[in-house]
Amino acid sequence: FLETAAYFCMKPKMGEKEVSPHSFFSIWHEFSSDFKEFWKKENKLILQERVKEAEEVCRQKKGKSLYNIRPKHDSGIVSNKYSYV
């Protein structure tokens, strides 16, 4: 533990000889909870951007039809029957 505290340059508080686990982990807990909140917010923003991009791609594909629709012309027996009337 003391090596880890020294690695992160933790210094004991006034009146203490060594860094206590309580002081180290209270700071670590604050850092990790803040990091978790920012991580969630960043992931949410990235997800929203990807959804917008996917919606844009869908709109572009809907605008470009892969096939042409032609109006149906009457043909056959039914159209001939009514054309003589």
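- As recorded by an unreviewed UniProt entry, the chain carries the name FMN2 protein and is attributed to Nothocercus nigrocapillus.

## What about the packing of aromatic side chains?
Then step 1. Per the counting criterion, the structure on display carries 10 aromatic pairs.
Then step 2. Note on Phe1 and Phe25: the rings are 6.0 Å apart at their centroids and 35 degrees apart in plane angle, and the pair reads as tilted. In this pair, Phe1 sits in the segment before helix H1 (2-7) while Phe25 sits in helix H2 (residues 21-63), placing the two residues 24 residues apart along the sequence.

## Topic: unusual backbone geometry
Then step 1. For Cys9, which is not a glycine, the phi torsion comes out positive at approximately 60 degrees.
Then step 2. Position of Cys9 among the secondary structure elements: in the loop between H1 and H2.

## Comments concerning the pattern of salt bridges
Then step 1. If you walk through the whole model with that rule in mind, you get two salt bridges.
Then step 2. For Arg59, the salt bridge goes to Glu55, with nearest N and O atoms at 3.9 Å. Residue Arg59 and its partner Glu55 are both found in helix H2; the two are separated by four residues, about one turn of the helix.
Then step 3. Linked through salt bridges whose partners overlap, the residues forming this network are Glu55, Glu56 and Arg59.

## Observations regarding the side chain of Ser23
Then step 1. Mapped onto the elements of the fold, Ser23 is located in helix H2.
Then step 2. For Ser23, a relative accessible area of 7% puts it in the buried group.
Then step 3. Here the side chain of Ser23 touches Ser20 through a polar contact of 2.9 Å, landing on its backbone oxygen.
Then step 4. Beyond its immediate sequence surroundings of up to four residues, Ser23 is in contact with Met10 and Lys13.

## Focus on a nonpolar patch on the surface
Then step 1. Taken together, the side chains of Phe1, Leu2, Tyr7, Phe8, Phe25, Trp28, Phe31, Phe35 and Trp39 define a hydrophobic patch exposed on the protein surface, amounting to about 1000 Å² of accessible area.
Then step 2. Within the residue set of the nonpolar patch, elements represented by two or more residues are H1 and H2.
Then step 3. Broken down by element, the residue count for the nonpolar patch peaks at five residues, all from H2.

Definitions and limits used
- Residues numbered from 1 in each chain as written.
- Predicted model: local features only at pLDDT ≥ 70, side-chain atom pairs only at ≥ 80, totals over all residues.
- Heavy atoms only, no water.
- Phe/Tyr/Trp six-rings, centres within 6.5 Å; stacked < 30°, edge-to-face > 60°.
- Helix = DSSP H or I, 4+ residues; strand = E, 2+ residues; numbered from the N terminus.
- Salt bridge = Lys/Arg side-chain N within 4 Å of Asp/Glu carboxyl O.
- Buried < 20%, exposed > 50% of the residue type's maximum accessible area, 1.4 Å probe, protein only.
- Polar contact = N/O pair within 3.5 Å; in protein donor to acceptor, adjacent residues only side chain to side chain.
- Contact = heavy atoms within 4.5 Å.
- Patch = residues over 30% accessible without salt bridge, like charges linked within 9 Å, V, L, I, M, F, W, Y side chains within 5 Å.
- Areas by Shrake-Rupley, 256 points an atom, 1.4 Å probe, with all protein chains shown as cover.

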